[in-house]
2 protein chains.
Amino acid sequence: MKVIEKVSEMQNWSERERCAGKRIVLVPTMGFLHEGHLSLVREGRKRGDLLVVSLFVNPKQFAPGEDYKNYPRDLERDRKLLERESADVLLRPSVEEVYPEGHQTHVEVERLDQFLCGAFRPGHFRGVVTMVAKLFNIVRPHVAIFGLKDYQQFQMIRRMTADLNFDIEVVGHPIVRETDGLAMSSRNTYLNEPERGAALCLYRSLRKAESLVRRGERQGKPILDAVRQEIGKISLARIEYVHLCHPSSLEEVEKIDDEALLALAVWIGKARLIDNTIFKA
Amino acid sequence: MKVIEKVSEMQNWSERERCAGKRIVLVPTMGFLHEGHLSLVREGRKRGDLLVVSLFVNPKQFAPGEDYKNYPRDLERDRKLLERESADVLLRPSVEEVYPEGHQTHVEVERLDQFLCGAFRPGHFRGVVTMVAKLFNIVRPHVAIFGLKDYQQFQMIRRMTADLNFDIEVVGHPIVRETDGLAMSSRNTYLNEPERGAALCLYRSLRKAESLVRRGERQGKPILDAVRQEIGKISLARIEYVHLCHPSSLEEVEKIDDEALLALAVWIGKARLIDNTIFKA
């Protein structure tokens, strides 16, 4: 596995490989890899000839007061895991390489940013989408793969890719869960033992909603009430939002017509956890 | 000369030519070509193997109430002129091809947008820079050429290109003037005969400032006063701004230390004209 730290080296590598007819797949990550990331990597292996995994904790997607400094990092472990998955390139640029002095450009997806996490983390998606646009120009992949736990992020990146005419296929990959149902996240390391138990309420509440829908419920209110009630049982949990919305516009819906996304963000201690599920009526 | 209307056709053409080792040059225009554009086209011919000229009147860079509808257009004439200059591709997508339903992403260069025209045309540069980022992904050139009459635009595009890691060389090309000194612009067609005469005050005022600097003046105030006074003699002229600033940050300077940009925007009738010059101390 090649480790690349410089933008120009990555661009030269990609231009060469593209012109040699190779199909390049990018899996962008912030590192501290877990099974969720590795499932993206394995999906990536299947979708092209060459696999690039980027590892960069992007300061611009953390608001002041958020956990940029404490975000977990373990480069050596990540490197070994990616070696084992036979990634072709690990791209790990420094902050100075990505944001040199004078950087002042951002990319913004206007409407999709107003909902869900966008409403609670001002500037977050602007930081994400700008970074992904940069990575697209640095790596020039044919395909890029993102996890569907960050569902809004996936939709915004897909929108940005189309709107800025990047000739890249954006693929969403299903949520990977621990055996007890907790969606995998690097931030799960913030949880102590009682919190780790409490965190299961996210998954339980989604299963509850799914069972209501399976039994024929189509109205949003009883579904949302059931989710809130389930999470409300857990004293360590504090709901940030629970939303039922259209899966591509993310606009709130009052009932499930065709497809709908149920998405939630819940604080457990100092960990902000998100999860979601899609209903097909 | 190939005429291309579809984004995907342009992208496929470029990928093929890049991989055949060809160096692609892009000259983006809004059409209604004059000698200023044609000098960019000729510069472009020298800088690569294949020359793409885009022609698109970009609605997103006109604010409500500006001249989008009346902006001059003459596709047949433009096509013939480019044929004569042996451009390889004329890219002329429709508005629907460029901004399909649901488009909602923009690119913004934050600090450079606060000065000069940016301060008077809210949203203008956001529209320009977003469109250029799109064109960069549609055409995938090695080099792109812009006229220096739109000096702020040039600096913002250069900044955006670096900040988003486009692997593209952005070249600025000197202002082309009519024999009497008026900077060429598609908007000069808005001028009637007395206005056409009045419009010369922009050039005269810049020459006046240049002669002051040649005679040793380094303070901004007397230079700006002389420019305002010269334009003030013309009753048909209304100054929007006259600024002396650093040529890359565009921040105002009080005196000329090393290099400085003198830039101005003046209304003559319903034509908003801009012009500039750079002093080297």
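Here is what the cut-offs are and how they apply
Position labels on residues start from 1 in each chain and follow its written sequence. Chains carry letters and ligands carry numbers; both start at the beginning, A for chains and 1 for ligands, and go up in the order they are written. Totals for whole chains, interfaces and linings use all residues, but because this is a predicted model, local features are given only for residues with pLDDT of at least 70 and pairs of side-chain atoms are given and counted only at 80 or more. Secondary structure is summarised from DSSP: a helix means a run of H or I of at least four residues, a strand means a run of E of at least two, and numbering begins at the N terminus for each. As a reference, a globule follows 2.2 Å times the number of residues to the power 0.38, and the radius of gyration itself is taken over C-alpha atoms. As a rule, residues whose C-beta atom has 12 or fewer other C-beta atoms within 10 Å are exposed, those with 20 or more are buried, and those in between are partly exposed; C-beta atoms are placed from the backbone. Note that contacts rest on C-beta atoms placed from the backbone: two residues are in contact if these are within 7 Å. Under this scheme, a helix contributes an axis fitted over its contacting stretch, all axes are lines through C-alpha atoms, and angles between N-to-C directions fall in the 0 to 180 degree range. When an angle is under 35 degrees it counts as roughly parallel; over 145 it counts as roughly antiparallel; between 65 and 115 it counts as roughly perpendicular; any other value is oblique. Take the far helix as your reference; a near helix turned counterclockwise from it by less than a right angle gives a left-handed crossing, and one turned clockwise gives a right-handed crossing. Amino acids are sorted into nonpolar (Ala, Val, Leu, Ile, Met, Phe, Trp, Tyr, Cys and Pro), charged (Asp, Glu, Lys and Arg) and polar (every other residue, Gly among them). Per the annotation, domain bounds derive from an automatic or database assignment of domains. The fit set for superposing copies consists of C-alpha atoms from residues with pLDDT of at least 70 in both; the fit itself is least squares. For two strands to be treated as a pair, DSSP must find no fewer than two bridges joining them.

1. Remarks on the overall build of chain A
Part 1: Each helix and strand in chain A was counted, giving ten helices and ten strands.
Part 2: Relative to the 2.2 N^0.38 estimate, which gives 19 Å for 281 residues, the radius of gyration of chain A is 19 Å and therefore close to what a compact globule would have.
Part 3: The buried share of chain A, reckoned over its 281 residues, is 42%.
Part 4: Taking as baseline every contact in chain A between residues at least 6 positions apart, the subset at least 24 positions apart corresponds to 71%.

2. Some points on the environment of Gly232(A)
All names here are of chain A.
Part 1: Note that Gly232 resides in helix H10 (residues 220–232).
Part 2: Overall, the presence of 14 C-beta atoms within 10 Å leaves Gly232 in the partly exposed class.
Part 3: Counting along the chain gives 31 residues from Gly232 to Cys201, while the straight-line C-alpha distance between them is 8.9 Å.

3. Looking at the packing of helix H6 (residues 124–139) of chain A against helix H7 (residues 151–163) of chain A
All names here are of chain A.
Part 1: Put simply, H6 and H7 touch, their axes get as near as 10 Å, and they point 50° apart. Comparing their axes, H7 and H6 come out oblique. The interaxial crossing formed by H6 with H7 has right-handed handedness. The residues of H7 that touch H6, namely those facing Phe125, Val128, Val129, Val132 and Ala133, are Gln153, Met156, Ile157 and Met160.
Part 2: Of the residues in the contact of H6 with H7, the class split is eight nonpolar, one polar and no charged.

4. Quick look at unusual backbone geometry
Part 1: Not every positive phi belongs to a glycine, and Asn165(A) is a case in point at roughly 60°.
Part 2: Following the sequence through the fold, Asn165(A) ends up in the loop between H7 and strand E7 (169–173).
Part 3: On the basis of neighbour count, Asn165(A) is assigned to the buried category, with 21 C-beta atoms found within 10 Å.
Part 4: Look at Phe32(B): it is not a glycine, yet its phi comes out positive at around 50°.
Part 5: For Phe32(B), a count of 19 C-beta atoms within 10 Å gives the class partly exposed.

5. Observations concerning the domain arrangement of chain A
All names here are of chain A.
Part 1: Here chain A is partitioned into domain 1 (2–173) and domain 2 (186–280).
Part 2: Averaged C-alpha coordinates put domain 1 and domain 2 at centres separated by 26 Å.
Part 3: Contributions of two or more residues to the side of domain 1 that touches domain 2 are made by helix H5 (116–120) and H7.
Part 4: Tallied by class, the residues present in the side of domain 1 that touches domain 2 amount to nine nonpolar, three polar and one charged.

6. With respect to the environment of Ala144(B)
Residue and element names in this part refer to chain B.
Part 1: Position of Ala144 relative to the elements: it lies in strand E6 (residues 143–147).
Part 2: Taking the number of C-beta atoms within 10 Å as the measure of exposure, Ala144 has 27 and is therefore buried.
Part 3: Here the alpha-carbon distance between Ala144 and Leu112, two residues 32 residues apart in the chain, equals 20 Å.
Part 4: With sequence-adjacent residues up to four places away left out, Ala144 is seen in contact with Leu26, Pro28, Ile168 and Val170.

7. Remarks on the relation of the copies chain B and chain A
Part 1: Between chain B and chain A, which share one sequence, the superposing operator has a rotation angle of 180° and an axial displacement of 0.0 Å; the RMSD is 0.0 Å. Interpreted geometrically, this transformation is the action of a two-fold axis.
Part 2: Both copies share a contact surface, since 100% of the interface residues of chain B are interface residues in chain A too.

8. Overview of the interface of chain B and chain A
For interface size, the figure often reported is the accessible area lost on association.
Part 1: Counting residues at the interface gives 25 residues for chain B and 25 residues for chain A.
Part 2: Residue assignment for the side of chain B that touches chain A shows that the elements contributing at least two residues are helix H1 (7–19), strand E5 (105–109), helix H6 (124–139) and helix H7 (151–163) of chain B.
Part 3: The element contributing the most residues to the side of chain B that touches chain A is E5(B), with five residues.
Part 4: Within the side of chain B that touches chain A, the residues separate by chemical class into ten nonpolar, seven polar and eight charged.

9. Considerations on the sheet that holds strand E4 (residues 89–91) of chain B
Residues and elements named next belong to chain B.
Part 1: Spatially, the six strands line up as an open sheet ordered E1-E4-E3-E2-E6-E7, and their pairing is parallel. For this open sheet the edge positions go to strand E1 (2–4) and strand E7 (169–173), each flanked by a neighbour on one side alone. For this sheet, the mean inter-axis angle between neighbouring strands, taken without regard to orientation, is 25°.
Part 2: Sheet analysis places strand E3 (residues 50–55) next to E4, joined by three bridges and oriented parallel. Each residue of the ladder has a partner; that of Ser54, found in E4, is Leu91.

10. Brief notes about the sheet that holds strand E10 (residues 271–280) of chain A
Residues and elements named next belong to chain A.
Part 1: Pairing in this open sheet of three strands is antiparallel, and the strands run E8-E9-E10 from one edge to the other. Bordering the open sheet on either side are strand E8 (237–245) and E10, each of which pairs with just one other strand. Recorded for the sheet is a direction-independent mean angle of 15° between the axes of neighbouring strands.
Part 2: In the packing of helix H9 (residues 200–214) onto the sheet, contacts are made with E8, strand E9 (259–268) and E10, and the angle to E10 comes to roughly 15°.

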